[in-house]
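One-letter residues, chain by chain:
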Amino acid sequence: QVQLVESGGGLVQPGGSLRLSCAASGSIRSGNAMGWYRQAPGKQRELVADITSGGSINYADSVKGRFTISRDGVKSTVYLQMSSLKPADTAVYYCNLRTYSPFVTYWGQGTQVTVSS
């Protein structure tokens, strides 16, 4: 089955940068979207950014101008470059894969991002 493995999380100071990566393995249909969600303590999981196999990108308003999502289609890997990090960005970040026809969703185990001085 499909597996998603995240890496790159850690502790950074406010204003710093961090790069997350997520590698997907298994049989993945060509029509799909990959992205990142995050969940802070006491909060619901929310979309951060995603990118379709066709190249369409969507960002949450809270990260526009600071985060950049990119994708390597051949390797089925998605990246999230995070800059100008704020304490409000502290959360567990989860990689997500959605396929079409059929519609299926997969989740990674999550990687902790902590922004603190």
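Residue numbers run consecutively from 1 along every chain, following the written order of its sequence. Only residues with pLDDT of at least 70 get local features here, since the model is predicted, and only at 80 or more are side-chain atom pairs given and counted; chain-wide, interface and lining totals rely on the full set of residues. Think of the side-chain values as coming from all heavy atoms in the structure, minus any hydrogens and water.

Student: Explain the sheet that holds strand E1 (residues 3–7) to me, please; I cannot follow it from the model alone.
Tutor: Hydrogen bonds between backbone groups are what pair the strands of a sheet, and the pairing can be parallel or antiparallel. Here, a strand pair is defined by DSSP locating no fewer than two bridges between the strands. For the purposes of this entry, the term helix denotes a DSSP run of H or I that reaches at least four residues, the term strand denotes a run of E that reaches at least two, and both are numbered from the N terminus. Here we have 4 strands laid out as an open sheet, ordered E1-E3-E8-E7, and antiparallel in their pairing. Pairing within the sheet leaves two strands with one partner each, and these edge strands are E1 and strand E7 (67–72). Averaged over neighbouring strand pairs, the angle between their axes works out to 15° when direction is ignored. In terms of strand pairing, E7 meets strand E8 (residues 77–82) through 6 bridges, oriented antiparallel. The residue of E8 that forms the bridge with Phe-67 is Met-82. Only C-alpha atoms enter the line fits that serve as axes; for helices the fit covers just the stretch in contact. Angles between N-to-C directions range over 0 to 180 degrees.

Student: Looking at this structure, I do not really get the pairing of E1. What am I missing?
Tutor: Regular strands place their side chains on alternate faces of the sheet. Because side chains alternate across E1, one face comprises the buried residues Leu-4 and Glu-6, and the other comprises Gln-3, Val-5 and Ser-7, none of which is buried. In this sheet, strand E3 (residues 18–25) lies alongside E1 in antiparallel orientation, the contact comprising 5 bridges. Bridge pairing links Val-5 to Ala-23 in E3. Partly exposed residues are those whose accessible area sits between 20% and 50% of the maximum for their type, while under 20% is buried and over 50% is exposed, using a 1.4 Å probe and protein chains only.

Student: Would you take a moment to explain the side chain of Asn-32 for this structure?
Tutor: In this structure, Asn-32 sits in strand E4 (residues 32–39). Within the structure, the side chain of Asn-32 is placed 3.2 Å from the backbone oxygen of Ser-30, a separation counted as a polar contact. Setting aside residues up to four positions removed in sequence, Asn-32 forms contacts with Thr-52, Ser-53, Arg-71, Leu-97, Arg-98, Thr-99 and Tyr-100. A 3.5 Å cut-off defines polar contacts: any pair of N or O atoms within that distance qualifies, except that in protein one atom must be a possible hydrogen donor and the other a possible acceptor, and neighbouring residues in sequence count only when both atoms are side-chain atoms. Any two residues whose heavy atoms approach within 4.5 Å at even a single point are treated as in contact.

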